[in-house]
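Structural features, examined
Here's the letter readout for the chains.
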Amino acid sequence: MAEEVRKQLPSLKDSLSYFTDESASTKVRGNIKLQLALEGIEQHAQNKGLSPDNILSLTLVITRGQFGDSTNSRLVKCLIPATTVPEEAAVRAISWICTNKPSKSVQAFLLRWLVLVYDLIDGKDKLHALYGVLFFFIQSDVLCPHVCHLLYLLTRKQDVRLFRVRPLLDLQTRVGAQPHLTGLLSLYKLYRPDLVNVPLNKTPRVFFKQTDKAWAALIRQVQLRNCPREERDQWLKTTQIPITNIFNDLDPTKEPLPKKAKLDCIPAIGYPGSLDQSSAAQSDKVPVQLIGSFEELLQNLDNLELPSQAAAVLRSQYLQHFVSCHPQQHVAHRIGYWLYRTLRQDLVDCPSASTKPRVEKLLKALINFTDFLQEGVPLCEMFLWEYLFTWNGLDHRPQILQLITRSRLHPFQRLNDYVLEPLRRLFFTSKVHCKCQILACLTELLRNCVSVEWARYKETQSNEEGTSSLSLFPVDSEMFPALQSIQELVLYVDRLCVVGLQQEDGHAMLMHYTLGFFELVTQLQRRFDLPLVHAPSAPIVYMAMFDTNALTVARICAIMCGFRQEVTSLKQKPPQEESCGFTSSSIRNFNNCILDICDALWRCKAFSSGKNEASIFKVPRALVKQTGIDSIGDSFSLYNHIALQGFAHTFLQKSLPSGTPITPRPRSRQSTLDRSSYLDFLTSQGLEGIQGFISSFIKVGKSSTPCSSAPSTASSTTTTGSRT
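Residues numbered from 1 in each chain as written. Predicted model: local features only at pLDDT ≥ 70, side-chain atom pairs only at ≥ 80, totals over all residues. Heavy atoms only, no water.

**Remarks on helix α24 (residues 482-503)**
The α-helix advances 3.6 residues per turn, and as a result positions three or four apart in sequence lie on the same side. For α24, with 22 residues, the first-to-last C-alpha span of 32 Å sits near the 32 Å given by 1.5 Å per residue. Residue aspartate 505 follows α24 closely and has a positive phi angle near 55°. (Helix = DSSP H or I, 4+ residues; strand = E, 2+ residues; numbered from the N terminus. Expected span 1.5 Å × (residues − 1).)

This is the structure in structure tokens:
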């Protein structure tokens, strides 16, 4: 039955002919022709979209006022562009609104449509010329939210005038601090802080929530089915206007790109032919579309006018250089708002498999932008906080984790609630590969905190205005113990690594990323001047020492040496008000680990538990006896450690006379000279961490036996495990 009705629907041409006929009946009830014409346009618009000519024709029908509100409302919802929206259609819609002939509901429908298709309008100059006309409608309670949203998108610096600020402030006094009014006033204050003297909250927030989610999703789906650049590229190929522009990464003279390459939601910068030359000539600003070389960019740096869509800077590294050299709060504010709105639409409100390619491209562009600026976008950070709670851990995982690494310094409780807790749930429910990705993310997050955010935080606290010159996206400064927050982050990752290694039975790849994290931790004081020292917890040290990978053993030895150097460096500096991790308890635990490793590698007493010796690995003596292995203390010596046996075999082959049988070396046959040569051999094989550990914590004497005294005895003549 549905197919029969579909077959009876008229074509798009016939449907449009019905509405363009001034003699057509406008009666709604019982008018079969009207209903069929409406359904025909709706079906075509929802499947293929309407061409610019069809949108203009349909706009003329709506603005003629021939049909009733119900019909006009349905026609407005049919204005789904297949490619672009002609600017003339937008101008006609606003002109009809100004007549006050349509009802408030139809006026609101048209304004909502203009907001939804704003990025697709092929020109903004004529639309911007109606700025003052649109501003008049803020007095309408019904239209005010939509008008403020459209004005927010259209506002330029020259639009901010005192005669516009005063009505907004009066309206805010009358109706209260509505989000749409606060958003427009915030933008005005960014442009002209001298005119807006009321305090506004600088905390990143979303002022204009999207209510037409289904309508917006339908427009995006239609755009994905069509080629949004065919007509524009064809026009540019036939025009005589030069198209050279250093800001565009796409050359319109080349062959059309594959369809997937055109699925791009980042606003286009535009080409010289898209400019209104008369308006450009009247202004003292130079549009970026007219910049043809880097020399011209330098010459017009102070008079450069950014595109109408500030988010277009994501397309060009030249523009990114410009916004970083000339930070403007209103530009940063608009970029952040556009990113939040777009990411929320595609990832939260209307996610689908068809939008994944364009979302991935947007995320990669955002990552490049944040890496270039060396800071995250506050509104994107807010989006991540919301998105992580519903994230399945699979969609765009590399990009999402990389964006997390650019998070700002926050109190640890907030960071834990919004970022670490969702990652922890994902960590313990995923396979080892995902665990490694999360550990790499947390390592880079710590690196960003100590190398970038720590300096930005200190500058913000020392600045009377509470802002930082190192940031393009300034936010209100917040007093909190930042050093303690970093320390708690390190402790959190330490505990996470312990449980993860136990869960994965010490997987080699997970151990690699764990040690990579602590290699960074042991450089905080010397490399980043951060008064924070932290040694890996005992379970990580012992699991690494028991590992069958020689590189793991060498790396944990190097990490222990690094911690000793950190403590020594901190002691040599004058006392500081803030310092974390440097306590007697942590030093005592570190010394116990050092003594245990010395007993295992050097003294060949891996599981001895004498009165004056460290209880290595805290293994009960009864459990050691149950193994039934004679001379179990030799099992983890330099020669007999399972991770080093292959190297020991190769060394003995080269050092012993030919024909000598190669057998495990008991401690009675391990002279100091022998082992020194063996350590040099291990260093030549890339295991320099072991020799560095021995040279740092063992004092080698002239005796030939390695176990004549305990390492904890300061007067020993052979080996001494020195305490930090």
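**Here we look at the side chain of threonine 63**
Its place among the elements puts threonine 63 in helix α4 (residues 52-64). In terms of polar contacts, threonine 63 uses its side chain to reach the backbone carbonyl oxygen of threonine 59, at 2.9 Å. If near-sequence neighbours (up to four positions away) are discounted, threonine 63 is found in contact with Arg92, Ala93 and Trp96. (Polar contact = N/O pair within 3.5 Å; in protein donor to acceptor, adjacent residues only side chain to side chain. Contact = heavy atoms within 4.5 Å.)

**So, a nonpolar patch on the surface**
A cluster of nonpolar side chains, namely Phe294, Leu298 and Tyr318, defines an oily patch on the protein surface of about 280 Å² accessible area. Along the chain, phenylalanine 294 falls in helix α16 (residues 294-299). (Patch = residues over 30% accessible without salt bridge, like charges linked within 9 Å, V, L, I, M, F, W, Y side chains within 5 Å. Areas by Shrake-Rupley, 256 points an atom, 1.4 Å probe, with all protein chains shown as cover. Salt bridge = Lys/Arg side-chain N within 4 Å of Asp/Glu carboxyl O.)

**Structural notes on the side chain of arginine 220**
Counting through the fold element by element, arginine 220 comes out in helix α13 (residues 213-225). When neighbours within four sequence positions are excluded, arginine 220 is seen to be in contact with Gln345, Asp346, Cys350 and Arg358.

**Concerning the packing of helix α12 (residues 179-191) against helix α18 (residues 329-349)**
Two packed helices can be described by the angle between their axes and the distance between those axes. Axis separation between α12 and α18 bottoms out at 8 Å; the angle between their running directions is 145°. Of α18, the residues touching α12 (which contributes Leu187, Leu190 and Tyr191) are Gln329, His330, His333 and Arg334. Split into classes, the residues belonging to the contact of α12 with α18 amount to three nonpolar, three polar and one charged. (Axes fitted to C-alpha atoms, helices over the stretch in contact; angles between N-to-C directions. Nonpolar A, V, L, I, M, F, W, Y, C, P; charged D, E, K, R; others polar.)

**Considerations on the packing of aromatic side chains**
With the rule as written, the count across this model stands at 20 aromatic pairs. Centroid distance tyrosine 152 to tyrosine 337: 5.4 Å. Interplanar angle 70°. Geometry classified as edge-to-face. You can see tyrosine 152 sitting in helix α10 (residues 144-154) and its partner tyrosine 337 sitting in helix α18, a full 185 residues away along the chain. Per residue, the accessibility class of tyrosine 152 equals that of tyrosine 337, and both read buried. Ring-pair connections join several aromatic residues into one group, and the members of that group are Phe563, Phe590, Phe693 and Phe697. Just above the ring of phenylalanine 427 sits the side chain of lysine 435; from NZ or CZ to the centre is 5.5 Å. Stacked on the ring of phenylalanine 697, the Lys or Arg arginine 564 has its end atom at 5.5 Å from the ring centre. (Phe/Tyr/Trp six-rings, centres within 6.5 Å; stacked < 30°, edge-to-face > 60°. Buried < 20%, exposed > 50% of the residue type's maximum accessible area, 1.4 Å probe, protein only. Lys NZ or Arg CZ within 6 Å of the ring centre and 35° of its normal.)

**Re the nonpolar core**
One finds Phe19, Ile690 and Phe693 to be the most contacted residues of the largest nonpolar core, which totals 210 residues. A per-element tally of this core places helix α23 (residues 432-462) first, with 13 residues. If near-sequence neighbours (up to four positions away) are discounted, isoleucine 690 is found in contact with Val553, Ala554, Cys557, Leu638, Leu644, Leu679 and Leu682. Counting five residues, the second largest nonpolar core, distinct from the first, contains Ala600, Ala606, Phe607 and Phe636. (Core = buried A, V, L, I, M, F, W, Y, C linked by side-chain atoms within 4.5 Å.)

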